[in-house]
Amino acid sequence: MVVQVFLRGQAPPNPQAILEVGTSSSDPPNNELKFENPTRTVSLVKGVTVVKFKAETTSKTFQGKIKVSATLGGATKGINIKDSEPKDYIAELTLLSP
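Thresholds, definitions, all that
- Residues numbered from 1 in each chain as written.
- Predicted model: local features only at pLDDT ≥ 70, side-chain atom pairs only at ≥ 80, totals over all residues.
- Heavy atoms only, no water.
- Core = buried A, V, L, I, M, F, W, Y, C linked by side-chain atoms within 4.5 Å.
- Buried < 20%, exposed > 50% of the residue type's maximum accessible area, 1.4 Å probe, protein only.
- Helix = DSSP H or I, 4+ residues; strand = E, 2+ residues; numbered from the N terminus.
- Contact = heavy atoms within 4.5 Å.
- Pairing = 2+ DSSP bridges.
- Axes fitted to C-alpha atoms, helices over the stretch in contact; angles between N-to-C directions.
- Salt bridge = Lys/Arg side-chain N within 4 Å of Asp/Glu carboxyl O.

What is the right way to read the nonpolar core from this model?
Soluble globular proteins: nonpolar side chains tend toward being buried together. Counting residues in hydrophobic clusters, the biggest one holds 17 residues, and the most contacted among them are V3, L19, V21, L44 and F53. Of all the elements in the fold, those that place two or more residues in this core are β1 (2-7), β2 (16-27), β3 (33-35) and β7 (64-73). Among residues more than four places away in sequence, those in contact with L19 are V3, V5, P38, T39, R40, V42, V51, F53, A70, T71 and L72.

I keep staring at the sheet that holds strand β8 (residues 90-95) and nothing clicks. Help me out?
Hydrogen bonds between backbone atoms are what pair the strands of a sheet, whose relative direction is either parallel or antiparallel. The strand order β4-β2-β7-β8 describes an open sheet built from four strands, whose pairing is antiparallel. Strand pairing shows two members of the sheet lacking a second neighbour, β4 (39-43) and β8, which therefore form its edges. On average, adjacent strands in this sheet sit at an angle of 30° to one another, irrespective of strand direction.

Help me understand the pattern of salt bridges, please; the structure alone is not making it clear to me.
Any two side chains of opposite charge can pair, so long as their charged atoms come close to each other. The final tally for this structure, using the stated rule, is two salt bridges. Note that K54 and E56 form a salt bridge whose closest N and O atoms lie 3.6 Å from each other. Residue classification places E56 among the partly exposed residues on the basis of a relative accessible area of 32%. Ionic pairing is found between K65 and E92, a salt bridge with its closest N-O pair at 3.8 Å. Taken together, the residues span a long stretch of sequence, with K65 in strand β7 and E92 in strand β8 at a distance of 27 residues.

Written out as structure tokens, the structure reads:
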């Protein structure tokens, strides 16, 4: 899974934020994915910062749809986090065979 963070305007020195990915919902319910290092402090660059997350199936993963979301917080003082429009911090995955 790839998450992109866009930083614009004046940035403070050494800008960072905490980025977290996880399963937000699934159909059918209780379908799970395991993310390697799901919560990270990332250094931001002016423009687009790309962060890759590895997702793996578990014994609780089965055929269906999973919505995965990315959240951003804990930014360096001076950085204001705004919601994306449209709400593109959620991706839907279809699992055909775990």
